[in-house]
Amino acid sequence: MHVSSQEAPDRFWDVYSRYYDSIYALMPYRKLLWDTYQALELEPGMRILDAGCGTGNLEVFIAEKDSPAVEFDAIDFSPAMLARASRKCEGMRNVQFQRADLTSTLPFPDATFDRIVSVNVLYALPDWDHTMRELLRVLKPNGRLVLTSPTPEFRIGPLIADHFRRVRNVWGAGRKAGVVANTLLTLSTSGFGSIVLNQIINRREGDGQYRSPDLADWDGLLERHIGSAPGGFDIVPALANQNFLATAMKARMT
């Protein structure tokens, strides 16, 4: 989760890092990570930028899959997020973490990455166009961009409801009981803190500090930077209809 330097004084995201991993216990969130992983269409030898890596959930998730051998550069503005991500990903030699600001010039040369991914970041950034220009600058021609962000109507309730609907499909009484127990433990401890902090995010959105893009915002942003040619970009609902997931291809330079 990456935010602008305007958020540095109150250290909000550093505090959030202590609770952010609670969302990993929710099946809809892991489904979002799966959808993101599938959309990346990874191939061996690719170099990937995770723009706003938060606590490294995507890196951990992909490491658990039979994924191609790729290299990750994972950046975030919050030192506490990066510290937690580094601990979680200790031993992953294909992941490099560094602090960087998505509201500034990124510390990479042009056309560095084969893929760029950003999970639940855009809503907290003040200038979407600047960020898109920078992401596309460091993306190779014909490279793929995968972005997700909450909808303006985002609520945690539908995620929890969808999680328990999915629990009913878990095979085996023992496994199902284990999932339920882990869910209740997470929600009663770190999950409670996450819910409280999400209320702060919602209040900041109401105050205009953050803004979650709606479908028209996504269409406008991607048309401005990708173009409206068929196959240029795609936007679909995700995360129990509480997110949008957008994929886009950078045109080959002529």
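That block above? That's the structure.
Throughout this document, residue positions are counted from 1 along each chain, in the order its sequence is written. The predicted nature of this model means local features are confined to residues of pLDDT at least 70 and side-chain atom pairs, given and counted, to a pLDDT of 80 or more, with totals for whole chains, interfaces and linings taken over all residues. Excluding hydrogens and water, the side-chain figures rest on all heavy atoms present in the structure.

With that settled, consider the overall build of the protein. For helices the rule is a DSSP run of H or I covering at least 4 residues; for strands it is a run of E covering at least 2, with both sets numbered from the N terminus onward. In terms of helices and strands, the protein carries nine helices and seven strands. Relative to its 254 residues, the protein shows a buried fraction of 51%. The contacts of the protein with a sequence gap of at least 6 include a subset with a gap of at least 24, amounting to 77%. For the protein, the computed accessible surface area is about 11800 Å², with 52% contributed by carbon and sulfur atoms. Classification of residues uses two cut-offs on accessible area relative to the type maximum, computed with a 1.4 Å probe and protein chains only: under 20% is buried, over 50% is exposed, and between them is partly exposed. What makes two residues a contact is simply this: any of their non-hydrogen atoms within 4.5 Å. We get accessible surface area from the Shrake-Rupley algorithm with a probe of 1.4 Å; when it comes to residues, only the shown protein chains can shield them.

Here we take up the packing of helix 2 (residues 27-40) against helix 6 (residues 157-167). Axis definition: a line fit to C-alpha positions, over the contact stretch in the case of helices; interaxial angles, taken between N-to-C directions, run 0 to 180 degrees. Between helix 2 and helix 6, the least distance of the axes is 7 Å, while the angle of their chain directions is 90°. One element, helix 2, and the other, helix 6, form an angle in the roughly perpendicular class. Residues Met27, Pro28 and Lys31 of helix 2 pack against Leu159, Asp162, His163, Arg166 and Val167 of helix 6. Each residue gets one of three labels, nonpolar for Ala, Val, Leu, Ile, Met, Phe, Trp, Tyr, Cys and Pro, charged for Asp, Glu, Lys and Arg, and polar for the others, Gly among them. When the residues that make up the contact of helix 2 with helix 6 are grouped by side-chain class, the tally is four nonpolar, one polar and three charged. Small angles under 35 degrees read as roughly parallel and large ones over 145 as roughly antiparallel, with 65 to 115 read as roughly perpendicular and the rest as oblique.

Pairs of cysteine sulfur atoms within 2.5 Å are what we label disulfides. Inspection of every chain in the model, using the stated rule, returns zero disulfides. For the unlinked cysteine Cys53, the closest cysteine sulfur is that of Cys89, found at 8.1 Å. On the accessibility criterion, Cys89 (4% relative accessible area) is buried.

To describe two helices that pack against each other, one gives the angle between their axes and the distance between the axes. Where helix 5 (residues 128-138) contacts helix 9 (residues 215-225), the axes come no closer than 11 Å and their chain directions differ by 45°. Considering their axes alone, helix 5 and helix 9 lie oblique with respect to each other. Read as a crossing pair, helix 5 and helix 9 show a hand that is right-handed. For the pair helix 5 and helix 9, the contacting residues are Trp128, Asp129, Met132, Arg133 and Leu136 in the first and Asp217, Leu221, Leu222, Arg224 and His225 in the second. Residues that form the contact of helix 5 with helix 9 fall into these classes: five nonpolar, one polar and four charged. For a crossing to be left-handed, the near helix must be turned anticlockwise from the far one by less than a right angle; the clockwise case is right-handed.

For two strands to be treated as a pair, DSSP must find at least two bridges joining them. A sheet is described by the order of its strands in space; here seven strands give the open sequence 3-2-1-4-5-7-6, paired in mixed fashion. Both edges of this open sheet fall to strand 3 (95-99) and strand 6 (233-238), since each of them pairs with a single strand only. On average, each strand axis in the sheet is inclined to that of its neighbour by 15°, with strand direction left out of account. Both strand 6 and strand 7 (residues 243-249) contribute to a ladder of six bridges, which runs antiparallel. Residue pairing in the sheet places Asp234 in a bridge with Thr247 of strand 7. The sheet strands contacting helix 4 (residues 79-88) are strand 2 (71-76) and strand 3, and the helix crosses strand 3 at an angle near 165°. In the packing of helix 9 onto the sheet, the strands contacted are strand 5 (139-150), strand 6 and strand 7, and the crossing angle to strand 6 comes to about 155°.

Relative to the helices and strands, Leu125 is located in the loop between strand 4 (113-119) and helix 5. The spatial distance from the C-alpha of Leu125 to the C-alpha of Thr103 is 7.1 Å, given a sequence separation of 22 residues.

The subject of this paragraph is helix 4. Buried residues of helix 4: Met81, Leu82 and Ala85, and no others. Each buried residue of helix 4 lies within a common arc of 95° when the element is viewed along its axis, so the set occupies one face. Within this analysis, the arc is defined by the directions that extend from the helix axis to the C-beta atoms.

Another aspect to go through is the environment of Leu32. With respect to the element layout, Leu32 can be found in helix 2. Overall, Leu32 belongs to the buried group, its relative accessible area being 1%. Along the backbone, Leu32 and Phe244 are 212 residues apart, and their C-alpha atoms lie at a distance of 9.9 Å. In contact with Leu32, other than residues within four places in its own chain, are Val119, Asn120, Thr148, Ala238, Leu239, Asn243 and Leu245.

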